[in-house]
Amino acid sequence: MGAARVLLTRTAAKGAGFARALSELARQRGEPAPNVLYAPVHVPRTVAYTPELSAALQATAADQVAWVTFTSANAVRACTELWGEHFAHVLNAADARLACVGKVTAAELERCGIEPDYIPHTQSAMGMLAGFPASDRQQDEPDTVWVIEGQNARPILREGLGALGFRVMRTVVYRMEPAAEADLAPGELGCDAAREALSREASAGQPVTDAVVATAPSLLQALAEGVPTDRFPPVVAIGQSTASAARSLGVPYVVADSPSAQDLASAAFSVVSPGA
């Protein structure tokens, strides 16, 4: 039996850790290392700068913000593109505390010289809310949380923070757009190419892709468009929101224990390994 084939909705650079972990799992079992296809599908685009974008940053500098939250590394990178070193300077000098959805986002902040104050055990918006520290100040007005996120971010965190009694100030710093040819490294697949490959396999009745590792609901939905769901490969979902998208599509799926490269690889290996 030949090596399995896994399609990952990330760039080769971002998926390198996943590929290494998957190869190591195969080596430990004496199996061929699965072939990983990289299909970013969508790429983040930082929004155009406008003076209105800086209102929340100015409020943070004036110590009018209690918390700043980040739900993705893309959000951190977009902030550094918009404000440069000034962004890190403001966050490090302000009284506001910083919350990250997980370790990858925290690492991106740390690369900018910024230390997060809160990282939830469960790396999701619901995980952030479950342990989000309550306000420690007695005052008439609620504390303000500056939520920095992408345009297509689900409202779970914003609504949950509001339910906890915080005033939420949202800033959209990036949006996800279909990957253009110029965005792709050699060997990477854009959305159309990846979808066409899956459609051809489905039409021929000879699936070649053994699993799709989906790192966001929107990416899975984009890939599945036009592909018969009864012939779509099993999905490895990065979290519960992506698992919900798989359920809605009616495709088989498993959920990784966490978004880490190791846990994604373990979940993928459980799907494609003959001996799993």
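Heads up: the structure comes first, above all this text.
Residues numbered from 1 in each chain as written. Predicted model: local features only at pLDDT ≥ 70, side-chain atom pairs only at ≥ 80, totals over all residues. Heavy atoms only, no water.

Tell me what's going on with the pattern of salt bridges, and back it up with residues and numbers.
Going through the model one piece at a time under the given rule, you end up with 9 salt bridges. When the shortest N-O distance is used, the salt bridge between Glu-177 and Arg-45 registers 3.1 Å. You can see Glu-177 sitting in strand S7 (residues 167–178) and its partner Arg-45 sitting in strand S3 (residues 42–46), a full 132 residues away along the chain. Classification of Glu-177 as partly exposed rests on a relative accessible area of 24%. Taking relative accessible area as the criterion, Arg-45 reaches 26% and is therefore assigned partly exposed. (Salt bridge = Lys/Arg side-chain N within 4 Å of Asp/Glu carboxyl O. Helix = DSSP H or I, 4+ residues; strand = E, 2+ residues; numbered from the N terminus. Buried < 20%, exposed > 50% of the residue type's maximum accessible area, 1.4 Å probe, protein only.)

I'd like a description of the packing of helix H9 (residues 217–224) against helix H10 (residues 240–249), backed by residues and values.
For the pair H9 and H10, the least separation of the axes is 8 Å and the interaxial angle reads 25 degrees. By the angle class used here, H9 and H10 are roughly parallel. With respect to the hand of their crossing, H9 and H10 are arranged in right-handed fashion. Across the interface between the two elements, Pro-217, Leu-220, Gln-221 and Ala-224 of H9 pack against Ser-241, Thr-242, Ala-245, Ala-246 and Leu-249 of H10. For the contact of H9 with H10, a count of residues per class yields 6 nonpolar, 3 polar and no charged. (Axes fitted to C-alpha atoms, helices over the stretch in contact; angles between N-to-C directions. Parallel < 35°, antiparallel > 145°, perpendicular 65-115°, else oblique. Left-handed = near helix turned anticlockwise from the far one by under 90°. Contact = heavy atoms within 4.5 Å. Nonpolar A, V, L, I, M, F, W, Y, C, P; charged D, E, K, R; others polar.)

Outline the side chain of Thr-209, supporting the account with residue identities and numerical values.
Topologically, Thr-209 is positioned in the loop between helix H8 (191–204) and strand S8 (211–214). Taking the relative accessible area as the measure of exposure, Thr-209 reaches 5% and is therefore buried. At 3.2 Å, the side chain of Thr-209 and the side chain of Arg-5 are in polar contact. If we ignore the near neighbours within four places in the chain, the residues touching Thr-209 are Arg-5, Leu-7, Leu-198, Glu-201 and Pro-233. (Polar contact = N/O pair within 3.5 Å; in protein donor to acceptor, adjacent residues only side chain to side chain.)

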